[in-house]
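Descriptive analysis of the structure
Chain by chain, the residues run as shown.
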Amino acid sequence: MTARKSARLAAKAVLNKQLQPAGKVVKRSSKKRQQAASTAKPPLPAPIAAADSKQAVADGRYKTLADTGEMKAALLYLKAADPALAAIIEQTTEQCSMSLPRDDDSDSSFVSLCKSVIFQQLAGSAARAILLKFLKRFGTLKDQSLGYLLEDDSAKQLTPAHFVFPSPQAVVSMDHAELKAVGLSQRKAEYLQAVAERFNNGTLSDELLVSMSDSQVSEALVSIRGIGQWTADMFMMFYLKRPNILPTLDLAVRKAMCHHFKVPFGKRTPTHNQMVEMANAWEPYRSVATWYMWRLAGTITQS
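This is a predicted model, so every value here is computed, not measured.

Below, the discussion takes up the environment of S218. Inspection of the secondary structure assignment puts S218 in helix α11 (residues 214-222). Here the alpha-carbon distance between S218 and A232, two residues 14 residues apart in the chain, equals 5.8 Å. Setting aside residues up to four positions removed in sequence, S218 forms contacts with Q229 and M236.

Next up on the list: the nonpolar core. Grouped together as the largest cluster of nonpolar side chains are 74 residues, with contacts concentrated most on L85, F110, F134, F165, V195, L221 and M257. For this core, the leading source of residues is helix α15 (residues 286-297), giving seven residues.

For α15, built from twelve residues, the straight-helix expectation of 16 Å at 1.5 Å per residue is met to within 8% by its first-to-last C-alpha distance of 16 Å. With ten of twelve residues buried, α15 lies mostly within the body of the structure. All of the buried residues in α15 are R286, S287, V288, A289, T290, W291, Y292, M293, W294 and L296. Buried residues belonging to α15 abut α3 (70-81), α4 (83-91), α12 (229-238), α13 (251-261) and α14 (272-278).

Looking now at the packing of α4 against α15. At a minimum axis separation of 10 Å, α4 and α15 run at an interaxial angle of 70°. Looking at the two axes, α4 sits roughly perpendicular to α15. The handedness of the crossing between α4 and α15 comes out as left-handed. When α4 is examined against α15, the residues L85, I88 and I89 are found in contact with a partner set consisting of A289, Y292, M293 and L296. Classifying every residue of the contact of α4 with α15 by side-chain character gives seven nonpolar, no polar and no charged.

What follows concerns the pattern of salt bridges. Pairing is possible between side chains that carry opposite charge, provided their charged atoms lie close to one another. Going through the model one piece at a time under the given rule, you end up with six salt bridges. Among the salt bridges present, the one from E94 reaches R295, with a minimum N-O distance of 3.8 Å. Remark: R295 occurs in helix α15 and E94 occurs in the loop between α4 and α5 (109-119); sequence separation between them is 201 residues. Among the residues examined, E94 registers a relative accessible area of 46% and is labelled partly exposed. Overall, R295 belongs to the partly exposed group, its relative accessible area being 29%. Taking the shortest distance from any N to any O, the salt bridge between R242 and D214 comes out at 2.7 Å. Taken together, the residues span a long stretch of sequence, with R242 in the loop between α12 and α13 and D214 in helix α11 at a distance of 28 residues. Across this residue pair, the class does not change: R242 and D214 are buried.

Turning to α13, its buried residues are V253, R254, A256, M257, C258 and H260. Looking one or two residues beyond α13, the residue adopting positive phi is K262, at roughly 60°.

As a further point, take the packing of aromatic side chains. Under the criterion given, the structure shown has nine aromatic pairs. A network of ring pairs unites the aromatic residues F110, F134, F138, F165 and F199 as a single cluster. It is R295 that lies over the ring of W291; its NZ or CZ is 4.2 Å from the centre.

For the rest of this paragraph, the subject is the environment of G147. Mapped onto the elements of the fold, G147 is located in the loop between β1 (140-141) and β2 (163-164). You can call G147 partly exposed: its relative accessible area is 25%. Separated by eleven residues in the primary sequence, G147 and K136 place their C-alpha atoms 9.9 Å from one another.

Rules behind the numbers
- Counting from 1, residues in each chain are numbered in the order their sequence is written.
- Local features in this predicted model are restricted to residues whose pLDDT is 70 or higher, and side-chain atom pairs enter the listing and the counts only when it is 80 or higher, whereas totals over whole chains, interfaces and linings include all residues.
- Side-chain descriptors were evaluated using all non-hydrogen atoms of the structure, hydrogens and water having been removed beforehand.
- Runs of E in the DSSP output that reach at least two residues are strands. Runs of H or I that reach at least four are helices, and both are numbered from the N terminus.
- In what follows, residue pairs with any heavy atoms lying within 4.5 Å of each other are defined as contacts.
- The criterion is simple. A nonpolar core is a set of buried Ala, Val, Leu, Ile, Met, Phe, Trp, Tyr and Cys residues joined through side-chain atoms within 4.5 Å.
- For every residue, the accessible area (1.4 Å probe, protein chains only) is compared with the maximum for its type, and the residue is labelled buried under 20%, exposed over 50%, or partly exposed between those bounds.
- Every helix has an expected span of 1.5 Å times one less than the residues it contains.
- Fitting a line to C-alpha atoms yields each axis, with helices limited to the stretch in contact; the angle taken between N-to-C directions then spans 0 to 180 degrees.
- If an angle is under 35 degrees, it is roughly parallel; if it is over 145, roughly antiparallel; if it lies from 65 to 115, roughly perpendicular; otherwise it is oblique.
- The handedness criterion is simple: a crossing whose near helix is rotated anticlockwise from the far helix by less than a right angle is left-handed, and one whose near helix is rotated clockwise is right-handed.
- Put simply, Ala, Val, Leu, Ile, Met, Phe, Trp, Tyr, Cys and Pro go in the nonpolar bin, Asp, Glu, Lys and Arg in the charged bin, and everything else, Gly too, in the polar bin.
- Note on definitions: salt bridges are taken to be side-chain nitrogens of Lys or Arg within 4 Å of carboxyl oxygens of Asp or Glu.
- By convention, a stacked pair of Phe, Tyr or Trp rings (six-membered ring in the case of Trp) has centres within 6.5 Å and planes under 30 degrees apart, an edge-to-face pair has planes over 60 apart, and any other such pair is tilted.
- Two conditions define a charge sitting above a ring: the NZ of Lys or the CZ of Arg must be within 6 Å of the ring centre, and it must be within 35 degrees of the ring normal.

Below, the structure is given as structure tokens:
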């Protein structure tokens, strides 16, 4: 048995022990022990190891890090599986954001993906400015009494949160010239409409996405023009809040993992397969470990 496999088995044992309710140890006769065994609650199952194994959730969706107790289970498991990561977890005072509500919990998966397209390869401030122009032109104010600000918002009171995003059908029918007028490039206008077309024709929906496995979501998203693997990974981690995503294309994560596991970092290394192997002990909570790698990346300097 490899050391890494032994660590994973030990982590599962620690997780089960810590999650079970504590109780007094009472000596029983053989007969009483048999009676107790017949009525005792079964131990909590160990976390699943396969990325696409569907967990038992009543409504048929996949379990997420926002589910009650899931983040606690993840942290217990990771601290037992990776002592070096345990130290990083203990030193980090910030709460892992993947267990928190989304910035705008009213956003649909369609809106989230459209915002991802708008923000691609842009500084945050520039992307937010384009998004606001887009919403002022094509969105609907949630509070119609603020309509006067559409003509004069010199005080910059309106934010994207004041608007309802246009529907997929509306985005599909938008003119490219109008999209370019609010700051979108020709290519991004095409990408935005490619996303909208999938939701408009029913190929994708909120209900379908939450019922898909990680690999199915990934395959469905990267087949859309303008959505790459990194965008799909971020969507699964921060919108769907899937617990076992490893974004191997993220530069900060690649550097931090090399530092963490003490392996060389280069232009071509680590490869995708090498990162998957390194993160083996983190399964099935690679998303949470990745979040802490981002925290680590902010503290290291690596050539």
